[in-house]
Amino acid sequence: MRVLVVKDEESLAEAIGAGLCRDAVTAETARDGREALAKLRLGGYDVLVLDRDLPGLHGDEVCRQVIGQRLLTRVLMLTSPGTVPHRPDAPGLGPGADDYLTEPFTHEELLARVLALGRRPRPVPAPVIAHAGITVDTARGLAARDGRPLALSHTELGVLEVLLRARGAVVSGDDLIEEVWEEHTSYRTNAVRVTLGTLRAKLGDPPLIETVPGAGFRMTGGPDGGDGADG
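About the cut-offs
- Residues numbered from 1 in each chain as written.
- Predicted model: local features only at pLDDT ≥ 70, side-chain atom pairs only at ≥ 80, totals over all residues.
- Heavy atoms only, no water.
- Pairing = 2+ DSSP bridges.
- Helix = DSSP H or I, 4+ residues; strand = E, 2+ residues; numbered from the N terminus.
- Axes fitted to C-alpha atoms, helices over the stretch in contact; angles between N-to-C directions.
- Buried < 20%, exposed > 50% of the residue type's maximum accessible area, 1.4 Å probe, protein only.
- Arc of directions from axis to C-beta.
- Polar contact = N/O pair within 3.5 Å; in protein donor to acceptor, adjacent residues only side chain to side chain.
- Parallel < 35°, antiparallel > 145°, perpendicular 65-115°, else oblique.
- Left-handed = near helix turned anticlockwise from the far one by under 90°.
- Contact = heavy atoms within 4.5 Å.
- Nonpolar A, V, L, I, M, F, W, Y, C, P; charged D, E, K, R; others polar.

Colleague: Could you clarify how one ought to interpret the sheet that holds strand β4 (residues 74-79) in this entry?
Modeller: Across a sheet, paired strands are connected by hydrogen bonds in the backbone, their directions being either parallel or antiparallel. Strand order in this open sheet of 5 strands is β2-β1-β3-β4-β5, and the pairing throughout is parallel. In the strand order of this sheet, the two ends are held by β2 (26-30) and β5 (99-102), each with one partner. The average undirected angle you get between the axes of adjacent strands in this sheet is 20 degrees. Of the strand pairs in this sheet, strand β1 (residues 2-6) and β2 are connected by 5 bridges, and their pairing is parallel.

Colleague: I'm lost on helix α2 (residues 33-41) in this one. Help?
Modeller: Since there are 3.6 residues in each turn of an α-helix, residues three or four apart along the chain are aligned in direction. Listed in full, the buried residues belonging to α2 are Gly33, Ala36, Leu37, Leu40 and Arg41. End-on, the buried residues of α2 take up no more than an arc of 135 degrees, which puts them together on one face. Sitting at the amino-terminal end of α2 is Asp32, which places a side-chain oxygen 3.2 Å from the backbone nitrogen of Arg34.

Colleague: Honestly, the packing of helix α5 (residues 154-165) against helix α6 (residues 173-180) in this entry has me stumped. Any pointers?
Modeller: The description of two helices packed together rests on the angle between their axes and the distance between the axes. Between α5 and α6, the shortest axis-to-axis distance is 10 Å and the interhelical angle comes to 120 degrees. On the basis of the axis angle, α5 is oblique to α6. In the packing of α5 onto α6, the handedness of the crossing is right-handed. Together, Thr155, Gly158, Val159 and Val162 of α5 and Leu176, Glu179 and Val180 of α6 make up the contact between the two elements. In the contact of α5 with α6, the residues fall into 4 nonpolar, 2 polar and 1 charged.

Limitation: the analysis is restricted to geometry and does not speak to function.
Shown next, in the form of structure tokens:
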């Protein structure tokens, strides 16, 4: 099970993550809502442990975006005493949250909630991703641009899928390595550079993959319906 813990107090986030790791749960951390959403867009998280009272992007708004962007994760919202969010169709739960836990709480309480949410079935991701004329059929491993089939290698297709699922957010080279390559390699930077070079050439013009110096890569161009299933 893979969990993302979001709290602006870094020491508390690390403590929660370390506790989960001791119980064989893979836990990562984020310090704010925007960083959390960027990580969630890459996929792979079963549960989001989310502090409701985040500065900047409030936890309620993070929940709304999790639902609106169809980010496939369960949400455990951490709330202060007396501030349990309300939702008309599920009293006591905030917008998009699957469960809540009032602070202070014990590690055993948190672990039990996380494990319970992790056992719930998650929605199946849409088999076809579409953006700016690019379509990727993830079920069949096929890609096209403006209806023209693209002859992509397995690695090129994986990189394209990760960038498309990020919905314009920047994806670092390390994240691409982790998501696409089966094993970490000693030529990490070169592997990403070479694959992106061949992928850009096969996609053709106008270019859709932008390099963000010092940060990573992202898809550009206007969306044409976002991430969704055809038919």
